[in-house]
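Chains, contacts and geometry: an overview
Listed below are the residues making up each chain.
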Protein chains: 2
Amino acid sequence: MTRLQINQDLKALNNQIAVENREKFAAHNVYVINIMGSPGAGKTTFLENILPKLSLELRVAVIEGDLATQNDALRIEKTGVQALQINTAGGCHLDAKMIKNQLSKLDLDVLDLLIIENVGNLVCPAAWDLGEDQRMVILSVAEGEDKPAKYPIAFLKADTAVITKTDLLPFIDTDVNVMKKYIAEINPKVQVFTTALKDGEYEADQVVQYIREAVRRKQCR
Amino acid sequence: MTRLQINQDLKALNNQIAVENREKFAAHNVYVINIMGSPGAGKTTFLENILPKLSLELRVAVIEGDLATQNDALRIEKTGVQALQINTAGGCHLDAKMIKNQLSKLDLDVLDLLIIENVGNLVCPAAWDLGEDQRMVILSVAEGEDKPAKYPIAFLKADTAVITKTDLLPFIDTDVNVMKKYIAEINPKVQVFTTALKDGEYEADQVVQYIREAVRRKQCR
């Protein structure tokens, strides 16, 4: 049995469970976003920023994936949003079964939106379907403008990308327009937004609006 | 066959090739460093900084691991150091066989130091022995102080850690002493250094000195 075959078998099993998850989310009218990005890209900070705005109109829950610690779930709970923490104990990505195992802890009937923050890793999570409706890649300007070109797979399968920490641009060599150009070259369909750490929120409100509309579109189908 | 069993078999095969690599490096008196860290942690920039200093006294070559592009090998070659590029085509880490396959392209008899820059990923590379003498984790202050706690495996197996981009500290909430405390809690044996992007080189010279001494120790054994 080759390594390729083994991987294909694991992926096939995962995809089957992802289909079941997707059917379950559809049956309960829950829109699901799978967020991925490097460690420290700003995924949790971005959620802390947008969750208070999203939860004004939508009923939201978050699943946090990390190798270790409850840090991120605790941070999310401070925004008033329910958060479940998965610890992968070394695993480099979430898979559909891990998500399925969490669903009994959520009342899907009273949810509009489920956000899954994947393990911090710009490589592996992209290969594993969780049953989501939208894939979002979070990328910090501090990572450097060439990262989409060097890690293309996450962007190939993304629907949205959020470029974070743009208030660091004056202090580093990253050109955010070059970063956007690389993303567009890999996948011109990716909707790209920018946000900052402190000085202004840039397009965070546009992301909130984009997510709200996507949720409504699913619910009105 | 369980997934765990499959992983154990792949690891066992990898470890066997890593042993062969290590024996080959020892026979040629070549010291090997395996550098790992997130995308954008500053691994290549750090190498661009230290290679001109290292190559004053040592004969150095670099193997670059990336999913895609020749970007990093081209950057390294500009420092005058020989660089080989491995593209993993989606693979999330280097393995011992990939390194073995590159060794025929290097004249080990005229090398003192081989530096391997792994795929940008704070999770997977830590699990794969390449035959190295030293493991170095590179971590940017922009990633946030809690990353060692959230991604402990890389630090558990590290010998050295280099905290980069410290000139961004005035603009972000990271406390570098807390970051160091987390590293020490996971593995008190890790030798920690700090460096900056532009404003001063902080402890880059100490890293160069540390590497030089490690190479000499191996060669005088």
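What comes next concerns the included structure. (Residues numbered from 1 in each chain as written. Chains lettered and ligands numbered in written order. Predicted model: local features only at pLDDT ≥ 70, side-chain atom pairs only at ≥ 80, totals over all residues.)

**Here we look at the relation of the copies chain A and chain B**
We apply this condition: Least squares is the method used to superpose the copies, on C-alpha atoms of residues holding a pLDDT of at least 70 in both. We call two residues in contact when their backbone-placed C-beta atoms lie within 7 Å.
Take chain A, turn it by 180°, move it 0.0 Å along the axis, and it overlays chain B with an RMSD of 0.0 Å. Taken together, the rotation and translation relating the two chain copies correspond to the operation of a two-fold axis. The residues that chain A uses at the interface reappear at the interface of chain B in 100% of cases, marking a shared surface.

**Observations regarding the interface of chain A and chain B**
For clarity, the threshold we go by: Helix and strand labels come from DSSP, where a helix needs a run of H or I of at least four residues and a strand needs a run of E of at least two; each type is numbered from the N terminus. Here the nonpolar group is Ala, Val, Leu, Ile, Met, Phe, Trp, Tyr, Cys and Pro; Asp, Glu, Lys and Arg are the charged ones; every other residue, Gly included, is treated as polar.
Across the boundary between the two partners, chain A contributes 35 residues, which contact 35 residues of chain B. Taken together, the elements giving at least two residues each to the side of chain A that touches chain B come down to helix H1 (3–27), helix H5 (147–150) and helix H6 (152–156) of chain A. When its residues are assigned to classes, the side of chain A that touches chain B shows 19 nonpolar, nine polar and seven charged.

**A look at the sheet that holds strand S1 (residues 31–36) of chain A**
Residue and element names in this part refer to chain A. The following threshold applies: Between any two strands, pairing holds if DSSP finds at least two bridges. For helices, the axis comes from a line fit to the C-alpha atoms of the stretch in contact; other axes are also lines fit to C-alpha atoms, and the angle between any two N-to-C directions lies between 0 and 180 degrees.
Spatially, seven strands are ordered S3-S2-S4-S1-S5-S6-S7 in an open sheet, and the strand pairing comes out parallel. Edge positions in the sheet fall to strand S3 (82–87) and strand S7 (191–194), since each of these pairs with one other strand and no more. Averaged over all neighbouring strand pairs, the angle between strand axes comes to 20°, with direction disregarded. Relative to the sheet, helix H2 (residues 43–57) contacts S1, strand S2 (60–66), strand S4 (113–117), strand S5 (134–140) and strand S6 (160–164), its axis offset from that of S4 by approximately 170°. Along the sheet face, helix H4 (residues 96–103) touches S2, S3 and S4 and points at about 135° away from the line of S3.

**Re the pairing of S2 of chain A**
All names here are of chain A. Formally: In this scheme the burial state of a residue depends on its C-beta neighbours within 10 Å: 20 or more other such atoms mean buried, 12 or fewer mean exposed, and anything in between means partly exposed; the C-beta positions come from the backbone.
Buried residues dominate S2, accounting for seven of its seven residues. Of the two faces of S2, both are covered, the one formed by Val60, Val62, Glu64 and Asp66 as well as the one formed by Ala61, Ile63 and Gly65. As paired strands, S2 and S4 are joined by five bridges and run parallel to one another. Bridge pairing in S4 places Ala61 opposite Leu114. The pairing of S2 with S3 spans six bridges and is parallel. Looking at the pairing, Glu64 lines up with Gln85 of S3.

**Regarding the nonpolar core**
The nonpolar side chains of soluble globular proteins are, as a tendency, buried together. Cut-off, in case you're wondering: A set of buried Ala, Val, Leu, Ile, Met, Phe, Trp, Tyr and Cys residues, joined through C-beta atoms within 7 Å, is what we mean by a nonpolar core.
Formed by 127 residues in total, the largest nonpolar core has its most connected members in Ile116 of chain A together with Ile116 of chain B. Contacts of Ile116 of chain A, omitting those with residues within four sequence positions, involve Val32, Ile33, Asn34, Ile35, Ile63, Leu94, Ile99, Leu130 and Glu132 of chain A.

**With respect to the environment of Ile76 of chain A**
Residue and element names in this part refer to chain A. Within the element layout of this structure, Ile76 appears in helix H3 (residues 71–77). A count of 25 C-beta atoms within 10 Å places Ile76 in the buried class. With 54 residues separating them along the chain, Ile76 and Arg22 place their C-alpha atoms 24 Å apart. Filtering out sequence-adjacent residues up to four positions away, Ile76 remains in contact with Leu47, Leu51, Val62, Glu64, Val81 and Ala83.

**Section: the pairing of strand S4 (residues 113–117) of chain B**
Residue and element names in this part refer to chain B. Of all the five residues making up S4, five are buried; the element is thus mostly covered by neighbouring parts of the structure. Side chains Leu113, Ile115 and Glu117 project from S4 onto one buried face, and the interleaved Leu114 and Ile116 project onto a second face that is buried too. In this structure, strand S1 (residues 31–36) lies alongside S4, joined through five bridges in parallel fashion. Paired with Ile35 across the bridge in S4 is Glu117.

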